[in-house]
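Observations on the three-dimensional arrangement
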Amino acid sequence: MKFVCTFLILILSSIALIGGSKLNSTEFKQSIPELGQYISIKDHPKAKGVNMKLRVPIGWQVSEGDRPNVVKKFVKEGNTFMILIKDNVTFFSRKEVKELLKDDTFLNEFVQGLGSSLKSPQLIDHSVVTIDNYPTLSVKVMGRVERSGFVFPVIMKYWVVFYEDKIVTLQTAGLGNLNFKQLELLYSSITNSVIFPEQYN
């Protein structure tokens, strides 16, 4: 168990902020943008065999990830929703993952690993949820990030989906609690649209 915990923490601690996220949410104060069509990452060279689709907010640009494990990014005015996929240490059934997420030691170490890229990280909340039948860890943390000598506060939210022998991470980030809250419902809506089609074949 300790090996599994350590390996998974190393995987997730390597996830960094991709690009600078600056929240300028004026357009979202009146209403949450609607979601548009589904896009699929099936057969994407960075998807590592994961077949997943999800909906993109209307008016947001879909771009390729600029680092090895970032599959896609949804971007608008500096706001970013990212899809990251890494190999897990081995195959885990959904039942095994559910049991693993009941282990407080594993859960605490894993959550701490998610905030390791931040200075003075503080856990806001975490919970075990389900995304299209797959056990998922939802984590929100806050802290500070340094870029080229500038230090600024950031809030990050992750949905970590344990998908067979892969870890699918949906990652968002924003500057300041108020601005992040204005987009958090949108990010949750995108996440709620996720489908893993192969389980229905």
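Above: the structure in question.
Residues numbered from 1 in each chain as written. Predicted model: local features only at pLDDT ≥ 70, side-chain atom pairs only at ≥ 80, totals over all residues. Heavy atoms only, no water.

1. Section: the overall build of the chain
Our working rule: Where helices and strands are cited, they refer to DSSP runs of H or I of at least four residues and of E of at least two residues respectively, numbered from the N terminus. Any two residues whose heavy atoms approach within 4.5 Å at even a single point are treated as in contact. Calculation of accessible area relied on Shrake-Rupley with a 1.4 Å probe; when residues are assessed, cover is drawn exclusively from the protein chains displayed.
Helix and strand counts for the chain stand at 4 helices and 9 strands. Written out in order from the N terminus, the α and β elements of the chain read α-β-β-β-β-β-α-α-β-β-β-β-α. Contacts spanning at least 24 positions in sequence make up 57% of the contacts within the chain whose residues lie at least 6 apart. Working note: accessible area of the chain is about 9,800 Å², and carbon and sulfur atoms make up 51% of it.

2. What about unusual backbone geometry?
Positioned with a positive phi, Asp-43 is a non-glycine residue whose angle comes to about 70°. Relative to the helices and strands, Asp-43 is located in the loop between strand S1 (35-40) and strand S2 (53-57). The residue Asn-133 is not glycine, and still its phi comes out positive at about 80°. Examined against the element boundaries, Asn-133 turns out to sit in the loop between strand S6 (119-131) and strand S7 (134-147).

3. Structural notes on helix H3 (residues 104-114)
For the record, the criterion: Relative accessibility decides the category of a residue: with a 1.4 Å probe and only protein chains considered, values under 20% of the type maximum give buried, values over 50% give exposed, and everything between is partly exposed. Each direction from the helix axis to a C-beta atom contributes to the arc, which is the arc of those directions.
Of the positions making up H3, those classed as buried are Phe-106, Leu-107, Phe-110, Val-111, Gly-113 and Leu-114. An end-on view of H3 places all buried positions within 155° of arc, on one side of the element. Exposed residues pointing more than 90 degrees away from the buried face of H3 are listed as Asp-104 and Gln-112.

4. Examining the sheet that holds strand S5 (residues 79-87)
Defined as follows: Pairs of strands are assigned from DSSP output, requiring at least two bridges between the strands. All axes here are fitted lines through C-alpha atoms, helices being fitted over the stretch that makes contact, and every angle between N-to-C directions spans 0 to 180 degrees.
An order of S3-S4-S5-S9-S8-S7-S6 is seen for the 7 strands of this open sheet, with the pairing classed as antiparallel. Each of the sheet's edge strands pairs with one partner strand only, and the pair in question is strand S3 (61-64) and S6. This sheet shows a mean twist of 20° between the axes of neighbouring strands, independent of strand direction. Packed on one face of the sheet, H3 meets S6, S7 and strand S8 (150-163) and runs near 40° to S7.

5. Comments concerning the packing of aromatic side chains
This is how the line gets drawn: Each aromatic pair joins two rings of Phe, Tyr and Trp (for Trp, the six-membered one) with centres within 6.5 Å, and gets the label stacked for planes under 30 degrees apart, edge-to-face for over 60, and tilted for any other angle.
If you walk through the whole model with that rule in mind, you get 8 aromatic pairs. Here the aromatic rings of Phe-81 and Tyr-187 are separated by 6.1 Å at their centres, their planes lie at 35°, and the arrangement is tilted. Of this pair, Phe-81 sits in strand S5 while Tyr-187 is found in helix H4 (residues 177-192), placing the two residues 106 residues apart along the sequence. Of the residues examined, Phe-81 reaches a relative accessible area of 0% and is grouped as buried.

6. Topic: the pairing of S5
Counting buried positions along S5 gives 8 out of 9 residues, so the element sits mostly inside the fold. Direction of pairing for strand S4 (residues 70-76) relative to S5: antiparallel, over a ladder of 6 bridges. Paired with Lys-72 across the bridge in S5 is Ile-83. Following S4, the chain reverses through 2 residues before pairing antiparallel with S5; Glu-77 in that reversal takes a positive phi of roughly 50°. Both S5 and strand S9 (residues 166-174) contribute to a ladder of 8 bridges, which runs antiparallel. The residue bridging Asp-87 from the neighbouring strand is Lys-166, located in S9.

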